[in-house]
Amino acid sequence: MSSDKVTPWPAVPIPKPEEVYAGLSDQAKDYPLYLESICRQSHAFEKPEALSRLRVYDTSTRMMIGHWCSSLLAELGAEVIQVEPPGGDPMRKLTPFGRKEYMFTDKESGEAVGAHFLHEMRNKMSITLNLETEEGREIFKKMAVHTDVIIENDPPGHRDSLGIGYRQLKELNPRLIYCWVGQLGQWGPHKDKPGMLDPTAQAACGFCHGTGDPKEFGGTPMRSALWMCDHVGGTQAAMGILTALYYREVVSGEGQFVEATAAEAVIRILDYSWAWYGMDGSIRPRFGNWDLAINIYAVNPCKDGYMMVGGGHDRLWYRIWRVVGDEYPAVEDDILGDPHLREVADRLAMNQQIKTYTMLGEWLKDNSRSEAERKLSKQQVASGGVLYVNEVAEYPHFKYRGHVAETESPHYGKILYGTTPFQQKETPARLKWMGRPTGYDNQDTYRRLLGFTTEDFTRLQKANVI
Amino acid sequence: MLLTCPSCKTKNFLDPYPFWNFKGTTQCAGCKKIWRLETSNGTCVSAPAEASGKADLLPGFAETQAYEGISGPGLTRPAPKAQKESVCKPKAIKRNVRGNVIAGYPLTKNDLVGSLAKFMVAGAK
Amino acid sequence: MATDTAVSNAPQISFEEFCRKTFDPKGEFAKPEALKGIRVLSCTQYILGPSCASYLAELGAEVIKIEAPRRGEAMRHTTPFNEPFLYPLSKHVPERGTGLGFVGANCNEYFVAIDFHRPEGQNLVKKLAAKSDVFVENYRPGTFDRWTLGYRQLSAINPRLIYQWLGGFGGWGPGRVRASYDILGQSQGGNFGMTGKAEFQGGSPAKHTIWLADYWGGMMGAVQILAALYYRDKISGEGTFMEYSQVHGVTRQLEYALPLYGRHGITRERWGTWDTQLCVHGIIKCGKSSYPNSENPQENEEGYILVSAYSDEDFARLCKTIGDGNFATKYAKADDRVKAQAQMEIYPALEKWAADKTKEDVANILDKANINNQPVWNSKEVATNPHWQQRGSVRWIDDPYYGDLLHQGPGYKLSATPPRTKWALKPVGADNEYILGKLAGLSPTDIKRLEDQECI
């Protein structure tokens, strides 16, 4: 399906180990080669999976938080069965700007799926079940005894009113770990309403107000391009599920009810916002690409894009200006002579940040991202350009380590994707397959779990139950 | 970019985001002269020329050659603030926003029991 | 069936009441802790490593934070605008404080000071590691190996140890020597370049204001640790080495960007406060401030609100609400509405409609029309919101060292073993006696001597 005009990935070959470690002494090579030997993803299939005994039904639809959570569990080895309504999760149809040509098509059925959904369908099986029918719910109850985890994101109380919520299913399976995920919660004055999606959580947790350029600089509140709160909330949900699993296995023998919301997960990590308000009533302002609490620690424009330079303490501060001074001695002299910039703490004042970054800009305007990085890294200063997706995909370090990789799907052909960051020695995470057409695993799953016959399949399909 | 005023030598800090690609006028925070300039990718396309009228965009901050800061209404753009005034120096905070005791101010060794402030041991009220 | 009797016998309590009782933050301390008895050593600095350990501390693990004697780790010296600090920094430096940058990443922990550079300090760490389950560090790759405190040495002492390294680029590969911070992880991982106003909207790439790659990266590390604990205690009996690269994590979360680039060579670009896959589902400006008389500039700026009406029915109702019949027919279909050109027409029209309203005005009108919306709340609006207060998401804690402190609650809820917040942080070395006496057998005289030598 790939267009002939598109250069196959990688456009530039992946570096080889002898190139990467060329010229290093045995001693210098020892530790990185040891790490590489125990962590490389290409060794993953020689090793067991951490969660291979865990079965998960992801019955969430329409939003990313549940899919993200079950993706993490699936990468760690859980058997994740995506339970979709007949016809598939409506999220399958999402594609940027509605462009159907950007979707991935199953070679056999011709069914198209959006890349966003596909990217989070890793290692998951797909079955269909209509929980809005009485018979579908009866099937679901029978299935509930066969699982360790159920994830759902229906509007608060909906499953309970159908008789298949936590209160009912835990009676059938006391070991069940039941996880509800959403934007704002199942209870409380602003609990979730049907159809709520990220960035609802981004706006409701204080993230948007504090992201983007300040008004004084012509800016407005900004959202993350990603459904970022869903990612953080889904990660918290996975933590909740794994905690419940650990407690069940090691202590109690029983499951529990987990609730994770996209907004609260980000409230948890909105660093000093709450303590600051509590101490003196301060309301976190937007500060653009600079930082309220560290200078130098910012992204600013440079010759060919945007450049991050970071050096919060004195050692790095002076090294940065030495690099600048090689080309602009007057700038270095001015900074080193400034009595207001001598103490680390004094540099944080807004005015000093304006001066700092204006002066740094005198140097950055002449240096591209890679030139600036090369010069600064000689002084061991953390720096790097803002990379766009094409650059991320081709970045040598990422290619070498496999942060970005291509997989060949039996259904959809070659897919470029972001790999799991769970790298480890004994039970590394991995990709087994990327996505399945809707209901692809109906036969296998219903036969092995519930003993369905061909007749059952025919009848239930006709009745729109599966 | 750094605009050293051709007239009074004030260092006007034209901060990178709004001034990286800019065409218009700004005002020297030292002598209030208006300067017309054009930048492209952070570089001045032509030398600043004296102009008149109201500045399109004020500098973010400015200082004299002797490092005395110049800022304020009509001179520089307002800075983003978390409340009415930012002092940008450690504040001594003894009561929090709801009026309760908080250990937000410098202590001395005499104030401590171990690593703990005495008033916390006594039961903060 | 069993379920039917269970339901009919259940007390008549609404689902919402049931949830409120089950997850009530006031009941947290009446319930057990999931990680009771699990000991974690956190040899960490900044946010990525510390936050990873603190998520485990919320679950009841005994987390021991080890940092440099006297001044502690770097993050204690960062605070917004250099204004608020919590005193004392340590008993040796009472006139200085810990900055709020440290808050949120180190809660519930015990604080020990050890100088890793000295053999005496290294021996202390080994004594602690021999009795620990998890070891978290985020120094440059190989640093702890050089200090004889790496995975190779510690796993020989304690084969059950789960060793989690977290950092920027990972310890092997061409970029292994590069230092990293959160904002560099965002820049190079790819989410920075996609976030922010598009070129035609007059914007540049924008960072996520939170230290996302750090705080969320630490969370990913904690997920991996929990899976490893389960595997060790249930299956293998052995520890492991784990590596988390924060820039790798960011690249993992780019949604459709990589598949789209791989297949079509298209680079995902910025799209401001709108959504690339759904319309209407974006943040618009309301012309009026909700607090025009406030002296705080954060309050008297104009309001913003997320308007979400992406289904055909909701969009039709929205058009009716704002009195625009033209859009209702022109963009009746979702596929037409979500096109770039359509979005560039629809959102400005919504902003025009909202120009004489506050965000609360808009929310009230949309609520009446049953259209999803969410005002963009600032940190005060979040902190004082009854919803978040009732749920314990933001809560006042009675901190033993610092008094009445507003703090974030745990990011998720568990019915039987809820995570909880006990204290925010402690001064550097505050638990030297307790921890080093208990685990390393140091007498008060030993501790006094080592403290005088600034070894602890």
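Preceding this paragraph is the structure being described.
Only a predicted model underlies this, so the values are computations on that prediction, with no experimental measurement involved. Numbers given to residues run from 1 along each chain, matching the order in which its sequence is written. Chain letters start at A and ligand numbers start at 1, both assigned in the order the entries are written. pLDDT decides what is reported in this predicted model: residues at 70 or higher carry local features, side-chain atom pairs at 80 or more are listed and counted, and totals for whole chains, interfaces and linings draw on all residues regardless.

> What should I look at first to understand the overall build of chain C in this one?
Across its full length, chain C carries 21 helices and 14 strands. Expressed as lengths along the three principal axes of its C-alpha atoms, the size of chain C is roughly 80 × 60 × 60 Å. Exposure in this text rests on C-beta crowding, where 20 or more other C-beta atoms within 10 Å of a residue's own make it buried, 12 or fewer make it exposed, and counts in between make it partly exposed. The C-beta atoms are placed from the backbone. Counting the 456 residues in chain C, one finds 62% classified as buried. By the criteria applied, helices consist of DSSP H or I runs no shorter than four residues and strands consist of E runs no shorter than two, each listed in order from the N terminus.

> Quick question: what am I supposed to make of the packing of helix α14 (residues 329-337) of chain A against helix α15 (residues 350-364) of chain A here?
Any two packed helices are characterised by the angle at which their axes cross and by the distance between the axes. All names here are of chain A. Fitted lines through C-alpha atoms give the axes, limited to the stretch in contact for helices. The angle between two N-to-C directions lies from 0 to 180 degrees. The N-to-C vectors of α14 and α15 enclose an angle of 160 degrees; their axes lie 10 Å apart at closest approach. In terms of orientation, α14 and α15 fall into the roughly antiparallel class. Viewed along their axes, α14 and α15 form a crossing whose handedness is left-handed. Judged by residue contacts, V331, D334 and I335 of α14 engage M359, E362 and W363 from α15. Working definition: roughly parallel below 35 degrees, roughly antiparallel above 145 degrees, roughly perpendicular at 65 to 115 degrees, and oblique for all remaining angles. Crossings are sorted by hand: turned counterclockwise from the far helix by less than a right angle, the near helix makes the crossing left-handed, and turned clockwise it makes it right-handed. In this description, any two residues whose backbone-derived C-beta atoms lie within 7 Å of each other are considered to be in contact.

> Just to check I follow, could you spell out the sheet that holds strand β5 (residues 124-128) of chain A for this structure?
In a beta sheet, neighbouring strands pair by backbone hydrogen bonds and run either parallel or antiparallel. What makes two strands pair is DSSP finding at least two bridges between them. The mixed open sheet is built from seven strands, whose spatial order is β5(A)-β2(A)-β1(A)-β6(A)-β7(A)-β8(A)-β14(C). Where the open sheet ends on each side, the last strands, each with one partner, are β5 of chain A together with β14 (412-414) of chain C. For this sheet, the mean angle separating the axes of adjacent strands, direction not counted, is 20 degrees. Inspection of the sheet shows strand β1 (residues 55-58) of chain A paired to strand β2 (residues 79-84) of chain A by four bridges, in the parallel sense. Bridge assignment links R55(A) to a residue of β2(A), and that residue is E79(A).

> Got a minute to help me understand the interface of chain A and chain C in this structure?
Often, the extent of an interface is quoted as the loss of accessible area upon association of its parts. On the side of chain C, 154 residues touch chain A, which itself brings 160 residues to the contact. Of the residues in the side of chain A that touches chain C, the class split is 90 nonpolar, 51 polar and 19 charged. Bridge count for strand β14 (residues 423-424) of chain A against strand β8 (residues 240-245) of chain C is two bridges, and the pairing is antiparallel. Bridged to Q424(A) within β8(C) is M242(C). Classification used: nonpolar for Ala, Val, Leu, Ile, Met, Phe, Trp, Tyr, Cys and Pro, charged for Asp, Glu, Lys and Arg, polar for all others including Gly.

> Quick question: what am I supposed to make of the pairing of strand β9 (residues 281-286) of chain C here?
Where a strand is regular, its side chains alternate between the two sheet faces. Across the six residues that make up β9(C), a large majority, six, are buried. Along β9(C), one buried face is formed by H281(C), I283(C) and K285(C) and the opposite face, lined by G282(C), I284(C) and C286(C), is buried too.

> What am I meant to see in the interface of chain A and chain B here?
Taken together, the contacts link 36 residues of chain A with 32 residues of chain B. Elements with a contribution of two residues or more to the side of chain A that touches chain B: α12 (273-280), β9 (297-302) and α15 of chain A. For the side of chain A that touches chain B, the leading source of residues is α15(A), giving ten residues.

> Where do I start with the nonpolar core in this structure?
Most often, soluble globular proteins keep nonpolar side chains buried together rather than apart. If you look at the biggest cluster of nonpolar residues, it comprises 301 residues, and the most contacted ones within it are L73(A), C179(A), I241(A), V258(A), V266(A) and L56(C). Apart from residues no more than four positions distant in its own chain, V266(A) is found in contact with A201(A), C205(A), F207(A), C229(A), V232(A) and I210(C). For the purposes of this analysis, a nonpolar core is taken to be any set of buried Ala, Val, Leu, Ile, Met, Phe, Trp, Tyr and Cys residues that are connected through C-beta atoms within 7 Å.

> Help me understand helix α13 (residues 314-327) of chain A in this model?
For the α-helix, the turn length of 3.6 residues means that residues three or four positions removed from each other point alike. All names here are of chain A. Here, expected helix span is obtained from the residue count minus one, scaled by 1.5 Å. With 14 residues, α13 ought to run about 20 Å at 1.5 Å a step, and its terminal C-alpha atoms sit 21 Å apart, in line with that. If you check which residues of α13 are buried, you get L316, W317, I320, W321, V323 and V324. Each buried residue of α13 sits inside an arc of 150 degrees when the element is viewed along its axis, so together they form one side. Summarising the geometry of α13, the exposed residues directed more than 90 degrees from the buried face are D314, R315 and D326. Residues of α13 that are buried sit in contact with β10 (305-310), α14, α15 and α16 (369-378). Think of the arc as the fan of directions from the helix axis to the C-beta atoms.

> So what exactly am I meant to see when it comes to the pairing of strand β7 (residues 177-182) of chain A here?
All names here are of chain A. Within β7, six of the six residues are buried, which leaves the element mostly enclosed by the surrounding structure. Burial along β7 is two-sided: the face carrying I177, C179 and V181 and the face carrying Y178, W180 and G182 are both buried. Strand direction decides the pairing type here: strand β6 (residues 149-152) and β7, joined by four bridges, are parallel. Directly across from E152, in β7, lies its bridge partner W180. Both β7 and strand β8 (residues 257-261) contribute to a ladder of five bridges, which runs parallel. Paired with W180 across the strands is E259, a residue of β8.

> How should the sheet that holds strand β11 (residues 372-375) of chain C be read in this particular structure?
All names here are of chain C. Taken in spatial order, the three strands line up as β9-β10-β11 in an open sheet, and their pairing is antiparallel. The open sheet is flanked by β9 and β11, the only strands paired with a single partner. Sheet twist, expressed as the mean angle between neighbouring strand axes with direction ignored, is 25 degrees. Here strand β10 (residues 303-308) pairs with β11 via four bridges, running antiparallel. In the sheet register, L306 faces β11, and the bridge partner there is Q374. In the packing of helix α16 (residues 340-353) onto the sheet, contacts are made with β9 and β10, and the angle to β9 comes to roughly 35 degrees.

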